[in-house]
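The residues making up each chain are set out below.
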Amino acid sequence: MMATLVLDNGAATAKIGYSQDPVTVIPNCQFRSKTSRLKTFTADQLDEIKDPSGLFYILPFQKGYLVNWDVQRKVWDHLFGKDMFKVEFADTSVIITEPYFNFSSIQESMNEILFEEYQFQSALRINAGSLSAHHYFHTHLAELCCLVVDSGFSFTHVAPYCRSKKMKEGILRINVGGKLLTNHLKEIISYRQLHVMDETHVINQVKEDVCYVSQDFYRDMEVAQSKGEENTVMKDYVLPDFSSIKKGFCKAREDMVYNGKYKTGEQILRLTNERFSVPETLFHPSDIGIQEMGIPEAIVASVQSLPEEMQPHFYSNIVLTGGNTLFPGFRERLEAELRSLVPAHLPVSVTLPENPISYSWEGGKLLAHSPDYDEMVVTREEYEENGHCICEEKFDI
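Computed from a predicted structure; not experimentally measured.

As a further point, take the layout of surface pockets. Its boundaries defined by the atoms lining it, the second largest pocket holds a volume of some 370 Å³. Along its surface, the second largest pocket is lined by 19 residues, and Ile-126, Ser-130, Ser-164, Leu-367 and Met-376 are the ones closest to its centre. Breaking the lining of the second largest pocket down by element, the ones donating at least two residues are strand 10 (122-127), helix 3 (128-139) and strand 13 (165-166). Residue classes in the lining of the second largest pocket are distributed as nine nonpolar, four polar and six charged.

So, in structure tokens, the structure goes:
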């Protein structure tokens, strides 16, 4: 019996699982902790690290592309091995994702590793956005077009699909992702109150816990400057000490001390306008000197590059994927900004799926069960006979 393993191999997390099982989300990297310098932890072994302060990340991806194969191999060995998915390579087909505009040298290395080292029975290499589009069309049967907005760790991509085919001329990339936002928050906090440049892990958690997308930037800026209890933007975040406090958290409003010090001895970060000015970068990268379009403008630019009669269908079928779309207020703000940019007679609809992080993985799961699946893959026999060129022909990348 043939099993299909779906692996959405992202720069921050790998989403992995067999096509009949639920998804598992795992850090796609290795770690070293400052306490045990010599030991390297891989993927979900992160949980074994007692003191993740000053955690050192070793990432397979740089600037959105898979360049560190030694690290990626270690992560994959762990994922495919006896501790996790116990993959029987000879009887397993793999669906694996790669970024848009991937380099052919990276594609060749990946083919080689999948077919020659692991010896999978067959493989399909595809963009995560194509899996998301497949998922969207599967659940919206009447629709012919959709626009996938994938805002992940390295990049934000806008990718139009028509009848499950990607329209290459409309694909845009903005070089703003979760990594940049976390680094920006680290810099702001280090400059204003506490040196946290080595605390990527902790500050990433802070970002996920307290940041939100403002619906009215200038109004929130004013609120953030008010004194005492009127400042509804201000939040106090209790940093973990990794002995009694394992994970940071926000102080409840009624427990906040507005003037003076806390008596409790915890280490506190006081956050005000950082809460919304950091995610604002997704809408206005120029705020921090990145000369690129924000997401709403990029969507309009992408749609305007497509045939005019199709444009209304894209505006009414925008689907959000990737971790950044989970900031509270993200969907509403994007829809509001698009509404003001798009001609008034065209409907605008932005959908945030229940789980935007695993949305494309779920699309891969659906694809694995589709009747066309066997036509799409390259088998190991085909690869051994024809080499890399058969993959180039078959995978629409």
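One open sheet accounts for three strands, arranged 16-15-17; its pairing is antiparallel. In this open sheet, the two strands that pair with only one neighbour each are strand 16 (249-250) and strand 17 (268-271).

Counting buried positions along strand 9 (residues 92-98) yields seven of seven residues, so the element is predominantly enclosed. In strand 9, alternate side chains face the same way, and those of Thr-92, Val-94, Ile-96 and Glu-98 on one face and Ser-93, Ile-95 and Thr-97 on the other are all buried. Note that strand 1 (residues 3-9) and strand 9 share five bridges and pair parallel. Residue Leu-5 lies in a different strand from strand 9, and its bridge partner there is Val-94. Here six bridges tie strand 9 to strand 10, and the two strands are oriented parallel to one another. Each residue of the ladder has a partner; that of Val-94, found in strand 10, is Ala-123.

The buried fraction of strand 11 (residues 145-151) is high, at six of seven residues. The sheet contact formed by strand 11 and strand 12 (residues 156-162) spans seven bridges and is antiparallel. Considered in strand 12, the bridge of Asp-150 is made with His-157. Pairing geometry for strand 11 and strand 18 (residues 318-321), over four bridges, is parallel. Of the residues in strand 18, the one forming a bridge with Val-148 is Val-319.

Counted by the stated rule, this structure contains one cavity of 30 Å³ or more. Computed from the structure, the largest cavity encloses a volume of approximately 30 Å³. Lining the largest cavity, in full, are Asn-9, Phe-61, Leu-66, Thr-97, Glu-98, Pro-99, Asn-102, Ile-106 and Met-110. Within the lining of the largest cavity, the residues separate by chemical class into five nonpolar, three polar and one charged.

Before going further, it helps to examine a negative patch on the surface. Together, Glu-108, Glu-112, Glu-116, Glu-392 and Glu-393 line one region of the surface with negative charge. Secondary-structure elements contributing two or more residues to the negative patch are helix 2 (104-117) and helix 14 (388-394). Among the elements that make up the negative patch, the one with the highest residue count is helix 2 (three residues). As for its placement among the helices and strands, Glu-392 is situated in helix 14.

In terms of nonpolar packing, the biggest core is built from 48 residues, with Trp-76, Leu-79 and Phe-80 touching the most fellow members. Among the elements that make up this core, the one with the highest residue count is helix 1 (residues 69-80) (six residues). Those residues within four positions of Leu-79 in sequence are excluded, and the remaining contacts are Leu-7, Ala-14, Ile-16, Ile-26, Met-84 and Phe-85. Counting residues in hydrophobic clusters, the runner-up holds 47 residues, among them Val-210, Tyr-237, Phe-283 and Ile-318.

Our next topic: helix 4 (residues 178-192). Since there are 3.6 residues in each turn of an α-helix, residues three or four apart along the chain are aligned in direction. The end-to-end C-alpha separation of helix 4 is 21 Å, in line with the 21 Å expected for 15 residues at 1.5 Å each. Within helix 4, the full set of buried residues consists of Gly-178, Leu-181, Thr-182, His-184, Leu-185, Lys-186, Ile-188 and Ile-189. Buried residues along helix 4 sit against helix 5 (200-210), strand 17 and helix 7 (274-277).

This brings us to the sheet that holds strand 6 (residues 56-58). Taken together, the three strands give an open sheet; going across it, the order is 5-4-6, and neighbouring strands pair in antiparallel fashion. Whereas interior strands pair on both sides, the edge strands pair on one side only; in this sheet they are strand 5 (41-42) and strand 6. Pairing between strand 4 (residues 30-32) and strand 6: three bridges, direction antiparallel. Among the inter-strand pairings, Arg-32 is bridged to a residue of strand 6, identified as Phe-56.

Next up on the list: the pattern of salt bridges. Two side chains with opposite charge may pair up if their charged atoms get near one another. Evaluation of the coordinates by the stated rule reveals twelve salt bridges. A salt bridge links Asp-236 to Arg-270; the nearest nitrogen and oxygen atoms lie 2.8 Å apart. Separated by 34 residues along the polypeptide, Asp-236 in strand 15 (residues 235-238) and Arg-270 in strand 17 bring together distant segments of the chain. Each of the salt bridges in this network shares a partner with another, and the network as a whole consists of Asp-70, Arg-73 and Glu-117.

What follows covers the side chain of Lys-166. Examined against the element boundaries, Lys-166 turns out to sit in strand 13. At 2.6 Å, the side chain of Lys-166 and the side chain of Asn-127 are in polar contact.

Now for the packing of helix 1 against helix 2. The geometry of helix 1 relative to helix 2 is characterised by a closest axis approach of 13 Å and an angle of 35 degrees between their N-to-C directions. The way helix 1 lies across helix 2 gives a crossing that is right-handed. Two secondary-structure elements touch here, helix 1 through Trp-69, Arg-73 and Trp-76 and helix 2 through Ile-106, Ser-109, Met-110, Ile-113, Leu-114 and Glu-117. Of the residues contributing to the contact of helix 1 with helix 2, the split by class is six nonpolar, one polar and two charged.

Procedures and definitions
Residues numbered from 1 in each chain as written. Predicted model: local features only at pLDDT ≥ 70, side-chain atom pairs only at ≥ 80, totals over all residues. Heavy atoms only, no water. 1 Å grid on protein atoms, 1.4 Å probe; cavity = no way out; pocket = protein on both sides within 12 Å on 5 of 7 lines; lining within 4 Å. Points joined across faces, edges and corners; volume = space filled by probe spheres on them. Helix = DSSP H or I, 4+ residues; strand = E, 2+ residues; numbered from the N terminus. Nonpolar A, V, L, I, M, F, W, Y, C, P; charged D, E, K, R; others polar. Pairing = 2+ DSSP bridges. Buried < 20%, exposed > 50% of the residue type's maximum accessible area, 1.4 Å probe, protein only. Patch = residues over 30% accessible without salt bridge, like charges linked within 9 Å, V, L, I, M, F, W, Y side chains within 5 Å. Areas by Shrake-Rupley, 256 points an atom, 1.4 Å probe, with all protein chains shown as cover. Salt bridge = Lys/Arg side-chain N within 4 Å of Asp/Glu carboxyl O. Lys, Arg positive; Asp, Glu negative; His and termini not counted. Charge placed at Lys NZ, Arg CZ, Asp CG, Glu CD. Core = buried A, V, L, I, M, F, W, Y, C linked by side-chain atoms within 4.5 Å. Contact = heavy atoms within 4.5 Å. Expected span 1.5 Å × (residues − 1). Polar contact = N/O pair within 3.5 Å; in protein donor to acceptor, adjacent residues only side chain to side chain. Axes fitted to C-alpha atoms, helices over the stretch in contact; angles between N-to-C directions. Left-handed = near helix turned anticlockwise from the far one by under 90°.

Limitation: the analysis is restricted to geometry and does not speak to function.
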